[in-house]
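Chain residues, written in single-letter form:
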Amino acid sequence: MNQLHLFLPCAAGVEDFLADEVQRITGAERVYKARAGVSLQASWRDALQLNLHSRLAQRVLVRLWHGGYRSEQDLYNAASEVAWEIWFTPKQTIKVEITAQHSPLTSLNFAALKIKDAVCDRFRAKRGERPSVDTTWPDVRLYAHLTTDTVTLYIDTSGEPLFKRGWREDKGDAPLKETLAAAMIAATGWNGATAASLDDIDPLYDPCCGSGTVAIEAAQMALRIAPGLNRRFAFEKLLPYQSHVWQGLRDQAVQAERVWPEGHAPIVFGSDVSFRMVDFAQRNAERAGVAHALDLRGGDALQRMPPTTRPGVLLLNPPYGERIAAAGVAGQNAAERARQRAPRTFTVGARTAPAPAEPHGRESAQMSDGADASEFFERLAAHWKGHYAGWTAWLLTPDLKLPGRMRFKESRRVPLWNGPIECRLFRFDLQARQPRPATPQ
């Protein structure tokens, strides 16, 4: 178990940040980047560490087979060669999940069935009995990925996706995933995790915080709290698992946390126009163990003043077309006008379509569409210019024209995907508004 081939899938655009994180956690000399994931040679202990500490990976997979295929029978043959019996027993339930890119096979369901049959047939031959299938809460998840001519088989060590940290119980209609929030923070270069002391950490403020995802992720990073401490993992049901090893890793993680001095001022700040969402965020922060490091308040993003005299980082997932938004006063007015004008739409790239049943990624209460969204952003930009000189603002949006509407020139743009939506994280270096020259008399 010391020469495992691990693959960690992630959202597109996060590969560079994840590679750096994996090297920091494992000390691996070589981490290989691919689209939407990274791979490395590592040990079983490294796999446990990555599940415990990674904020950016979606899950940790162990690659067990890779090779060519042309038909479903080739998939059966490949799965038959894997020594599944060293990973789990026939007493445990399984589920086979399959993904494909340009596969020539006509039915992925049939392909998954052939892999499942191979696993069960091997167990019957080796152990005299076969595992059962449970598609809802399986003990063991097996993954197959097909390309045009290759198949890769994995066993999952994570179980529930790693963005499920174990602390979120209160949420809005479409909460931002914790892994994306962590990627946004990583992209800013915020020094919460690397600063030598709490006093050296730059303030971080999310003025549209929803149920607190960005603020809580940032606070946990600053306090060096491992994201996987409050949850269970699939590897706990696999045969290589040893409880004393896992407990030792957990103990080390707890010992590495920063000690919070009594009476120390908060280092991360959040606000939201919806007091209901602020209440959700507060309860989530308490479960995440960071309530003492956060200052969460209600308030309109167009009216809130800087939470500290020291400039820091503004980081937010603001309102845009297809998303529910914490748009404050402008958003409330925009919502009413939008409802009176036309049915709501959402925009993906240059295409327009009816809004989905569940919006993507926003956690708050008001609507903002079309020209009225421009009103909100113009007022937000004016508010920042007037009151946030010296701060660095980062906005995640799919709208490439947003900086122009805000009359800002971005100093950086980072491609990130919010689920199926291709976005950009824009950086704006805020400067004080220059007074107009006096008019000659």
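Residues numbered from 1 in each chain as written. Predicted model: local features only at pLDDT ≥ 70, side-chain atom pairs only at ≥ 80, totals over all residues. Heavy atoms only, no water.

Participant: Where do I start with the packing of aromatic side chains in this structure?
Facilitator: With the rule as written, the count across this model stands at 13 aromatic pairs. Judged by centre distance (6.1 Å) and plane angle (55°), the ring pair of W44 and W87 falls under tilted. Of this pair, W44 sits in helix α2 (residues 44–53) while W87 is found in the loop between α3 (72–80) and β5 (94–100), placing the two residues 43 residues apart along the sequence. Judged by its relative accessible area of 4%, W87 is buried. For the pair W84 and F88, a centre-to-centre distance of 6.5 Å together with 50° between the ring planes defines the contact as tilted. Residues W84 and F88 agree in their burial class; the two are buried. Every member of this aromatic cluster is reached through a ring pair, and the members are W44, W87, F233, F235, Y241 and W246. (Phe/Tyr/Trp six-rings, centres within 6.5 Å; stacked < 30°, edge-to-face > 60°. Helix = DSSP H or I, 4+ residues; strand = E, 2+ residues; numbered from the N terminus. Buried < 20%, exposed > 50% of the residue type's maximum accessible area, 1.4 Å probe, protein only.)

Participant: Could you clarify how one ought to interpret the pairing of strand β4 (residues 61–68) in this entry?
Facilitator: Looking along a regular strand, one sees the side chains alternate between the two faces of the sheet. Pairing analysis gives 3 bridges linking strand β1 (residues 4–9) to β4, with the strands arranged antiparallel. Paired with L6 across the two strands is V62, which belongs to β4. Pairing between β4 and strand β7 (residues 150–156): 7 bridges, direction antiparallel. Across the sheet, H66 pairs through a bridge with T152, a residue of β7. (Pairing = 2+ DSSP bridges.)

Participant: What is the right way to look at the sheet that holds β1 in this model?
Facilitator: Across a sheet, paired strands are connected by hydrogen bonds in the backbone, their directions being either parallel or antiparallel. Pairing within the open sheet is mixed, and its 7 strands lie in the order β2-β3-β1-β4-β7-β6-β5. This sheet does not close on itself; its edge strands, each paired only once, are β2 (32–34) and β5. Between one strand axis and the next, the sheet turns by 30° as a mean value, whatever way the strands run. Across the sheet, helix α4 (residues 108–127) touches β5, β6 (140–146) and β7, and the angle it forms with β5 is around 140°. (Axes fitted to C-alpha atoms, helices over the stretch in contact; angles between N-to-C directions. Contact = heavy atoms within 4.5 Å.)

Participant: Looking at this structure, I do not really get the sheet that holds strand β11 (residues 313–316). What am I missing?
Facilitator: Spatial strand order, β10-β9-β8-β11-β14-β16-β15: 7 strands in an open sheet with mixed pairing. Only two strands of the sheet have a single neighbouring strand rather than two, namely β10 (294–298) and β15 (412–418). Neighbouring strand axes in the sheet, compared pairwise and without regard to direction, differ in orientation by 20° on average. Across 5 bridges, the pairing between strand β9 (residues 268–272) and β10 is parallel. Opposite G270, over in β10, you have L296 as the bridge partner.

Participant: Could you clarify how one ought to interpret the confidence of the model for the chain in this entry?
Facilitator: Reading fine detail from the predicted coordinates is not recommended where pLDDT is low. Per-residue confidence for the chain gives a mean pLDDT of 87, with 84% of residues at or over 70. Ignoring residues within four places in sequence, the model shows residues 322–371, a span with pLDDT below 50, making 120 contacts including any to other chains. (pLDDT = per-residue confidence, 0-100.)

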